[in-house]
Amino acid sequence: MGDDKKRKTYLATGAVVLIAIALVLLKYWDYVVNPWTRDGQVWANVIQIAPRVSGPIVDLPIKDNQFVKAGDLLFQIDPRTYQAALEQAKAQLDETSNQFASLSEQVLAAAAAVEASRHAVTQASSGIKETESDLARDRAEYKRQDEMLPRKATSVKAYQQAKATYQVTVQQRRTAQAGLGQSKANLAQAQANLAEAKANLGAVDNENPQIRAAKAAFQQAELNLEFTTVLAPVDGYVTNLLLRLGSQMVANQPAIALVDVNSYWIDGYFRENYIDRIEAGDRVVATLMSYRDKPVIGRVESIAWGIAQQDGSTGFQLLPSISPTFEWIRLAQRLPVRVRITEVPEGVVLRVGTTCSVLVETGTAGEDGDDSDVSATPVPRALQ
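The structure contained in this document is the topic of the report that follows. Note that the structure is a prediction, hence the values are computed from the model and not measured.

**Quick notes on the overall build of the protein**
At step 1: Within the protein, the regular secondary structure consists of 4 helices and 16 strands.
At step 2: For the protein, with 384 residues in total, the buried portion stands at 30%.
At step 3: A total of about 24600 Å² of accessible surface is found on the protein, and carbon and sulfur atoms cover 54% of it.

**A look at the environment of Q172**
At step 1: Along the chain, Q172 falls in helix α3 (residues 156-201).
At step 2: Distance in space between the C-alpha atoms of Q172 and I128 is 8.8 Å, their sequence separation being 44 residues.

**Details of the packing of aromatic side chains**
At step 1: For the coordinates displayed, the defined rule picks out 1 aromatic pair.
At step 2: Between R52 and the ring centre of F227, over which it is positioned, the NZ or CZ distance is 4.3 Å.
At step 3: The ring centre of W265 lies 3.9 Å from the NZ or CZ of R338, which sits over that ring.

**Quick look at the environment of E279**
At step 1: Along the chain, E279 turns up in the loop between β10 (265-271) and β11 (283-288).
At step 2: With near-sequence residues (within four places) excluded, E279 lies in contact with V300 and A365.

**Thoughts on helix α4 (residues 209-227)**
At step 1: Taking 1.5 Å of rise per residue, the 19 residues of α4 would be expected to cover 27 Å, and the 26 Å separating its terminal C-alpha atoms lies within 8% of that figure.
At step 2: Among the residues of α4, I211, A214, F218, A221, L225 and F227 are the ones counted as buried.

**What about the sheet that holds strand β3 (residues 55-59)?**
At step 1: Ordered in space as β6-β5-β3-β8, the 4 strands form an open sheet in which the pairing is antiparallel. Here the strands that pair on one side only, and so sit at the sheet edges, are β6 (229-231) and β8 (248-249).
At step 2: Sheet topology places strand β5 (residues 73-77) next to β6; 3 bridges connect them, and they run antiparallel. Across the sheet, the residue bridging to L73 is L231, located in β6.

**Thoughts on the sheet that holds strand β4 (residues 67-68)**
At step 1: Read across the sheet, 4 strands follow the order β2-β9-β7-β4 without closing on themselves; strand pairing throughout is antiparallel. For this open sheet the edge positions go to β2 (46-49) and β4, each flanked by a neighbour on one side alone.
At step 2: Sheet topology note: the β4/strand β7 (residues 236-239) ladder contains 2 bridges and is antiparallel. Bridging from a neighbouring strand, F67 pairs with Y237 of β7.

**Brief notes about unusual backbone geometry**
At step 1: In this structure, N65 takes a positive phi of about 65 degrees despite not being glycine.
At step 2: Tracing the backbone through its elements, the reader meets N65 in the loop between β3 and β4.

**Considerations on the pairing of β10**
Looking along a regular strand, one sees side chains alternate from face to face of the sheet.
At step 1: Counted residue by residue, β10 has 6 buried out of 7 residues, so it is predominantly covered.
At step 2: Where strand β1 (residues 36-43) meets β10, 4 bridges bridge the pair, whose relative direction is antiparallel. Its bridge partner being in β10, V42 is matched across the sheet by I266.
At step 3: In this sheet, strand β15 (residues 334-343) lies alongside β10 in antiparallel orientation, the contact comprising 7 bridges. Note that in β15 the partner of F270 across the bridge is L335.

**Examining the pattern of salt bridges**
Proximity of charged atoms lets side chains of opposite charge pair with each other.
At step 1: A complete count under the given rule lists 4 salt bridges for this structure.
At step 2: Across the pair D94 and K90 runs a salt bridge, and its minimum N-O distance is 3.0 Å. Separated by 4 residues within a single helix, D94 and K90 lie in helix α2 (residues 80-148), roughly one turn from each other.
At step 3: The class of D94 is partly exposed, set by a relative accessible area of 35%.
At step 4: One salt bridge in this structure joins E361 and R283, with 3.0 Å as the shortest N-O distance. In this pair, E361 is assigned in strand β16 (residues 355-361) and R283 in strand β11, connecting sequence segments 78 residues apart.

Procedures and definitions
- Residues numbered from 1 in each chain as written.
- Predicted model: local features only at pLDDT ≥ 70, side-chain atom pairs only at ≥ 80, totals over all residues.
- Heavy atoms only, no water.
- Helix = DSSP H or I, 4+ residues; strand = E, 2+ residues; numbered from the N terminus.
- Buried < 20%, exposed > 50% of the residue type's maximum accessible area, 1.4 Å probe, protein only.
- Areas by Shrake-Rupley, 256 points an atom, 1.4 Å probe, with all protein chains shown as cover.
- Phe/Tyr/Trp six-rings, centres within 6.5 Å; stacked < 30°, edge-to-face > 60°.
- Lys NZ or Arg CZ within 6 Å of the ring centre and 35° of its normal.
- Contact = heavy atoms within 4.5 Å.
- Expected span 1.5 Å × (residues − 1).
- Pairing = 2+ DSSP bridges.
- Salt bridge = Lys/Arg side-chain N within 4 Å of Asp/Glu carboxyl O.

What follows is the structure, encoded as C-alpha cells:
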C-alpha cells in the first residue's frame, strides 16, 4: 500500500512538472513563432515652435514639461514695434486711397473736357456749314450787283452793301475755320490729358497696383502683429524649455519643442528575416521597460521600404566607402515596423524615446481592430 501511494505521488508530481514544462515550452514557442524584438522605441510628433517675427519675450506663462492645450498661449513677443508698423501701413493705405480718389477725379474731369472739346468741334463744324451757305448766297448777290451796276440796273449803294456783306461773310468763314482748327487742337489736347490721367491712375478698384500694394502691406503688418502672440497648435507637452522673460526671439528659429500627445506610435526594428511574416494589421504587444507588467496593445501600420546604406556611400577622395565583412558571419539588417497604438493600460505614460520589446502576433491582421478588451501577456522578463 505504501509503495502504491508513493508511486501515485510520483506520477502526480511528474504530471504536474510535465504540464508546467509543456506550458513553458508552448509559451516560449509562441515567442519563437511570432516575430519579436527588444529593439523598439516610442515616438511622437515633436513640433518645433518657431516665431514668425523677431523681438523680446514680454509674457511667458508656461513652464518646462507643462501640458498645454491647443490654443493656449506659449509666449508673447513685444507687440509695440509691430503695432506702430500697422499704424504706418494703415496711414499709407489711407494716403494711397486718397491719391487714387484724386486721380479718379482728374480722370473724370479730363473725360468731361474731352466731351466738351468734342462738342465744340461739332459746333464749329456746324458753324462752317452755315457760313458756307451764307457765303454762297452773299457771293451770288455780290456777283449779281456787280453785273447790274454797269447797266445802271442797281444803285451804287446796293452794290457796296452787297460787297460789304460778302466780305463780312468771307471773314466769318475764315473765323469759323480757325475756330474749328482750334477746337480740334483743344480736343487733341483734352484726349492727351485724359490718357495721361488714366495712366497716372492705373487700373481701377482692386486691380490698381498701388492700392493692392498698400493693402498687402497693411495685411502683412496685421499678420506680423498677430504673430507676436504664439499659441500651441496641438495638445502636448512643452519639453526642454530654455526661454526666459526678455529672451530675444529670432524669426523662423525654433524655440520650443512641443510633443503632440495625440500622435504617439511605436517603431519596432525587426531583423530582415522576420519581415516576411509580418502583415499590416497584425496585433502587436509592446512591453515598455518602464512598465514591464503593463503591455501596450497596437496594430502594425506599415513596414519601412528601405534603410540607409553604409556601403557604397561617398568617402575619402570621392571613393566608395566599403566596410570589411567576415564571410562566416552575416548580420541581418533591421527594418522599422511602424505600430499604431490602440490601447494604453491605465497608469502607463508614454514618453518619446523610451525603449520597449515588441511582439507581433502573426495571422491576426483580419481580426477586429478593437483591442480594448484584449488581455495581453507582457513579454517575459528574460526576453525583455
